[in-house]
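# Analysis of the macromolecular model
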2 protein chains.
Amino acid sequence: SATVEASYCSNEGVQTVRNISELHQDNFGRPGLSHITIAGSLLHGFKEVEVWLQTFAPGAHTPIHRHSCEEVFVVLKGTGTLYLATSSHPKHPGSPQEFPIFSNSTFHIPVNDAHQVWNTNESEDLQVLVIISRPPAKVFTYEDWLMPHTAARLKFPYYWDEKCYQAPPVKDEL
Amino acid sequence: SATVEASYCSNEGVQTVRNISELHQDNFGRPGLSHITIAGSLLHGFKEVEVWLQTFAPGAHTPIHRHSCEEVFVVLKGTGTLYLATSSHPKHPGSPQEFPIFSNSTFHIPVNDAHQVWNTNESEDLQVLVIISRPPAKVFTYEDWLMPHTAARLKFPYYWDEKCYQAPPVKDEL
Ligand SMILES: [Zn+2]
Ligand SMILES: [Zn+2]
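Structure report, in brief. Owing to the predicted nature of the structure, the values given are computational and were not obtained by experimental measurement.

## What about the environment of His92 of chain B?
Residue and element names in this part refer to chain B. Looking at the element boundaries, His92 is found in the loop between β6 (79-85) and β7 (97-102). Remark: the alpha-carbon pair of His92 and Asp144, spanning 52 residues in sequence, is separated by 9.5 Å. In this structure His92 touches Trp145, Leu146, Met147, Pro148 and His149, once residues within four positions along its chain are discounted.

In C-alpha cells, the structure reads:
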C-alpha cells in the first residue's frame, strides 16, 4: 500500500507493534526469495541488531558469502542445507561442509566463515528468521568456493538496503 | 539429558546446527514461563546478539524492567499485552501505554524504556522470539510503575544466565 511504501525507509516514527504480514515484502531481484526486514538499521533506525524473515522457494539460495558480524538463524518451516567453509583454508573458502537444517532448528555462522543457505527440498518452502549484529550488513560475495578471498566482492548496500541507503555526501572541494 | 546438561554452559564446541526442541528449557523460578536460550553469550559464546524462545502461560509475564540494549520481539503464537512507559517521566516509569500483541506481529523496546510483556489471554500460550544486543542482559527491575528509576534493582546475572556466570575473581591483596 501507499502507506507501507511511504514509511519504508523511515527510521523515525516506527510503530511500536507492527503486523509482519503488512510489512514490505520483496524478492529484491533474487528469484525464489521472499525477504522482509522485520527490524532494520537503514529502514527503522536499529543500531545493534537487525532481524529478517526470509522464505526460499525450492532451489532458491543465498550467494556464497561472508561477513564479520554475528549471524543466527532460526528455521521456522521446511528443510534445507547449510554449506559452511570453515576458516581452515587461508586463500579461498574451499570445499564446504554440508549441514542439514530443518524446522525448529537453529544455526549460527562463525564470524567471517564463507557460507550459503540453500533450500534443497524439492517441494517445500524454507522459512528462516535471520538475526545479524552490527547492521547494516557488509557482505562479501563469492562466485564459487574456490574464488580467492581477495577477489570476493563487497556488495554494499546489500539487496534490501539499497533503497534506503544514503551515500555520505561528497564534499565539493572548490 | 546428561549431554545437554554437560554442554549447557559450554561456550566452546557449540554445534553448528542444533535442534531447538533438544535445548535446555526451564522456568528459572518464574511461574508460567518456559525459557530457552537459542543463542547465548554466557552459554554459547556469542558476543553481539542473543536470541531467546519464551513461552508464557496465560497470566504469566515479565517483571517491569528496563535495559540499555536493543530488544526486538517476534510473536510466534498467541496474544498478549505490551506495557510500555515512554521516557517522558524523569523520576519513575509512570503509567504505561498498552499495546495489543498478536501472532505474526513484531515489536521493539526503545532503549531504557521500562516495559512488561504479559500474556493477557486467558486460554492460550504466548510464544515469542526475543533478540537482544550487547549480551549478557543487564536488567533493572521495578516493583511497580511508580517506583523511582533510582530504586530499580539491577538483576545481574539475569535468571537464565546465573548458572553460567563466572564472577570475576576477587584479588587477594595480601
Ligand atoms: Zn550470512
Ligand atoms: Zn526487555
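Once you've had a look at it, read on.
## Notes on the sheet that holds strand β10 (residues 126-133) of chain B
The strand order across the open sheet built from six strands is β1(A)-β8(B)-β5(B)-β10(B)-β3(B)-β2(B), with neighbouring strands paired in antiparallel fashion. In the strand order of this sheet, the two ends are held by β1 (17-19) of chain A together with β2 (33-39) of chain B, each with one partner. Put simply, the sheet's adjacent strands are angled 20° from each other on average, direction ignored.

## Let's talk about the packing of aromatic side chains
Residues and elements named next belong to chain A. Throughout the structure, instances matching the rule amount to 16 aromatic pairs over all chains. Their ring planes at 35° and their centres at 6.0 Å tell us that Tyr159 and Trp160 sit as a pair that is tilted. Classification of Trp160 as buried rests on a relative accessible area of 1%. Among the aromatic residues, those joined into a ring-pair cluster are Phe28, Trp52, Tyr158, Tyr159 and Trp160.

## Digging into the coordination of the zinc ion (ligand 1)
Residues and elements named next belong to chain A. Only His65 (NE2), His67 (NE2), Glu71 (OE) and His115 (NE2) from the protein coordinate the zinc ion (ligand 1), and they sit 2.1 to 2.2 Å from it. Viewed at the metal, the four donor atoms of the zinc ion (ligand 1) are separated by angles of 84 to 170°, and the geometry they form is irregular. Spacing between the donor residues of the zinc ion (ligand 1) along the chain follows H-x1-H-x3-E-x43-H. Here His65 is found in strand β4 (residues 64-66), whereas its partner His115 is found in strand β9 (residues 114-118), with 50 residues between them in sequence. Note on His65: relative accessible area 6%, which makes it buried.

The rules behind each value
- Residues numbered from 1 in each chain as written.
- Chains lettered and ligands numbered in written order.
- Predicted model: local features only at pLDDT ≥ 70, side-chain atom pairs only at ≥ 80, totals over all residues.
- Heavy atoms only, no water.
- Helix = DSSP H or I, 4+ residues; strand = E, 2+ residues; numbered from the N terminus.
- Contact = heavy atoms within 4.5 Å.
- Pairing = 2+ DSSP bridges.
- Axes fitted to C-alpha atoms, helices over the stretch in contact; angles between N-to-C directions.
- Phe/Tyr/Trp six-rings, centres within 6.5 Å; stacked < 30°, edge-to-face > 60°.
- Buried < 20%, exposed > 50% of the residue type's maximum accessible area, 1.4 Å probe, protein only.
- Donors = N, O, S within 2.8 Å, 3.2 Å for Na, K, Ca; no water.
- Tetrahedral: all angles 85-135°; square planar, octahedral: opposite > 155°, others 65-115°.

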